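An overview of the molecular structure
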Amino acid sequence: MSLDVLKKLEGPVVLVGAGKMGGAMLEGWLALGLEPSRVVVLDPNLPAEAAAAFTAKGVQANPAYDAIPPAAVLILAVKPQVAPAVLSSVRGIAGPNTVVVSVMAGRTIGFIQESFPRGIAIVRTIPNTPAAIGQGVTVAVANEAVSADARAAASGLLGAVGIVEWVDDEALIDAATAVSGSGPAYVFLLAEALAKAGAAAGLPADLADRIARGTVSGAGALLAQSGIAPATLRQNVTSPGGTTAAALAVLMDEDEGFGPLLVEAVDAATKRSRELAG
Ligand SMILES: NC(=O)c1ccc[n+]([C@@H]2O[C@H](COP(=O)([O-])OP(=O)(O)OC[C@H]3O[C@@H](n4cnc5c(N)ncnc54)[C@H](OP(=O)(O)O)[C@@H]3O)[C@@H](O)[C@H]2O)c1
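Residues numbered from 1 in each chain as written. Predicted model: local features only at pLDDT ≥ 70, side-chain atom pairs only at ≥ 80, totals over all residues. Heavy atoms only, no water.

Below, the discussion takes up the site of the ligand. Inspection of the region around the ligand gives 20 residues, with Lys 20, Met 21, Asp 43, Val 78 and Lys 79 positioned closest. At 2.9 Å from an oxygen atom of the ligand is found a main-chain nitrogen or oxygen belonging to Lys 20. Within the side chain of Asn 45, a nitrogen or oxygen atom sits 2.9 Å from an oxygen atom of the ligand. Contact with the protein chains covers 75% of the free accessible surface of the ligand, which is 880 Å². Considering only residue class, the shell around the ligand consists of 13 nonpolar, 4 polar and 3 charged. (Near = heavy atom within 4 Å. Polar contact = N/O pair within 3.5 Å; in protein donor to acceptor, adjacent residues only side chain to side chain. Areas by Shrake-Rupley, 256 points an atom, 1.4 Å probe, with all protein chains shown as cover. Nonpolar A, V, L, I, M, F, W, Y, C, P; charged D, E, K, R; others polar.)

Orientation of helix α6 (residues 172-181) relative to helix α11 (residues 258-275), taken along the N-to-C sense of each, is 130°, at an axis distance of 8 Å. Classified by the interaxial angle, the pair formed by α6 and α11 is oblique. You can see that α6 and α11 cross each other, and the crossing is right-handed. Every residue of α11 that contacts α6 at Asp 174, Ala 175, Thr 177, Ala 178 and Val 179 is listed here: Val 266, Ala 269, Thr 270, Ser 273 and Arg 274. Here the residues of the contact of α6 with α11 sort into 5 nonpolar, 3 polar and 2 charged. (Axes fitted to C-alpha atoms, helices over the stretch in contact; angles between N-to-C directions. Helix = DSSP H or I, 4+ residues; strand = E, 2+ residues; numbered from the N terminus. Parallel < 35°, antiparallel > 145°, perpendicular 65-115°, else oblique. Left-handed = near helix turned anticlockwise from the far one by under 90°. Contact = heavy atoms within 4.5 Å.)

The next point concerns the environment of Ala 195. Position of Ala 195 relative to the elements: it lies in helix α7 (residues 183-200). When the C-alpha positions of Ala 195 and Ile 211 are compared, they lie 7.6 Å apart, and in sequence the two are 16 residues distant. When sequence neighbours within four positions are dropped, the list of residues in contact with Ala 195 reads Ala 208, Asp 209 and Ala 212.

Backbone hydrogen bonds are what pair the strands of a sheet, in a parallel or an antiparallel way. The mixed open sheet is built from 8 strands, whose spatial order is β3-β2-β1-β4-β5-β6-β7-β8. The sheet is open, and its two edges are formed by β3 (60-61) and β8 (162-166), each paired on a single side. By the bridge criterion, 4 bridges tie strand β1 (residues 13-16) to strand β4 (residues 73-76) in an arrangement that is parallel. Bridging across to β4, Val 13 finds its partner in Val 73. Against the sheet, helix α3 (residues 83-90) engages β1, β2 (39-42) and β4, with an angle of about 160° to β4. (Pairing = 2+ DSSP bridges.)

Summed over the entire model, instances satisfying the criterion amount to 5 salt bridges. When the shortest N-O distance is used, the salt bridge between Asp 174 and Arg 124 registers 3.6 Å. Of this pair, Asp 174 sits in helix α6 while Arg 124 is found in strand β6 (residues 121-126), placing the two residues 50 residues apart along the sequence. Relative accessible area serves as the criterion here: at 2%, Arg 124 is assigned to the buried category. Several salt bridges converge on common partners, so that one network encompasses Arg 124, Glu 170 and Asp 174. (Salt bridge = Lys/Arg side-chain N within 4 Å of Asp/Glu carboxyl O. Buried < 20%, exposed > 50% of the residue type's maximum accessible area, 1.4 Å probe, protein only.)

Once that is clear, we can look at the UniProt feature "domain: Pyrroline-5-carboxylate reductase dimerisation" (unreviewed entry) in the protein. The feature "domain: Pyrroline-5-carboxylate reductase dimerisation" (unreviewed entry), as given by UniProt, occupies residues 170-276 in the numbering adopted here. The span residues 170-276 carries 79% helix and 0% strand; its end-to-end C-alpha distance comes to 14 Å. (UniProt positions renumbered as here; feature names shortened; annotations may be inferred.)

What follows concerns the UniProt feature "binding site: NADP(+)" (unreviewed entry) in the protein. The UniProt feature table records "binding site: NADP(+)" (unreviewed entry) at Ala 77, Val 78, Lys 79 and Pro 80. You can see Ala 77 is positioned in the loop between β4 and α3. The buried category is assigned to Ala 77, whose relative accessible area is 14%. Among residues more than four places away in sequence, those in contact with Ala 77 are Leu 15, Val 16, Gly 17, Gly 22 and Val 103. By the secondary structure assignment, Lys 79 is in the loop between β4 and α3.

Right under this line is the structure:
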């Protein structure tokens, strides 16, 4: 994905909140060649080292708000809980042609719209942290004010750090948050739990950590590179009457296995996303 589409839009790319998610995306954009002098980072508690590193790259860190021209793209990457205060302080950075891109869980287009002039282009997204290595997944929805150029600019930015899936129905974003936004945590938990189970089965803890981590990352890479369906890859590991079949009889239990547990977990995350709408 190229960022050339941004050339059609005037003004800086302003990132509000350079934490784990915003920072990961910015890393990806700069790696793809986004002109650093076009980037403004606003994050009041940025450690001095991080601010110096941005400045060294040519990114403007925490300039005075009134020195920032109307943004081409204004990315909202602060926690949903602080959104009301933050949005009211950054509203002046948006001009009539600004595309507002939110990565905040829960916060709706309607909520964001309240802080900006009527008719502003808003893209609500839910990315995930593998964006830091260009392998993120972002699900996005646009309001009716988003033009073809604005959508292309948002697609360019979001696609720079992984795949982008656009949906038309904003209500789907809560469930997408529960699947792909939070999903990396479930996979990391699997690596943690597998290591603990290995140690409980008698492996030295450090060996269990290494082989569990290698197994989760290797299986993820095989899934990504082979293009083969996950069910087929699972069957390829499962010899009839063998060890995997014995484990899967536990994990695939219809009542207490991984499937129903994940349905419950995704449901809990979906509900929490709806609550965060405020
Ligand atoms: N992490 C994920 O996997 C993930 C995935 C999808 C979406 N998201 C969404 O991304 C957003 C950020 O999450 P995160 O995990 O990156 O949290 P985070 O690491 O806490 O990042 C938020 C950043 O915003 C800063 N901030 C606080 N007040 C601010 C202000 N007034 N102006 C500008 N910056 C301000 C925070 O600084 P302080 O730490 O000093 O408060 C922090 O550096 C959330 O809305 C979350 O729902 C996160």
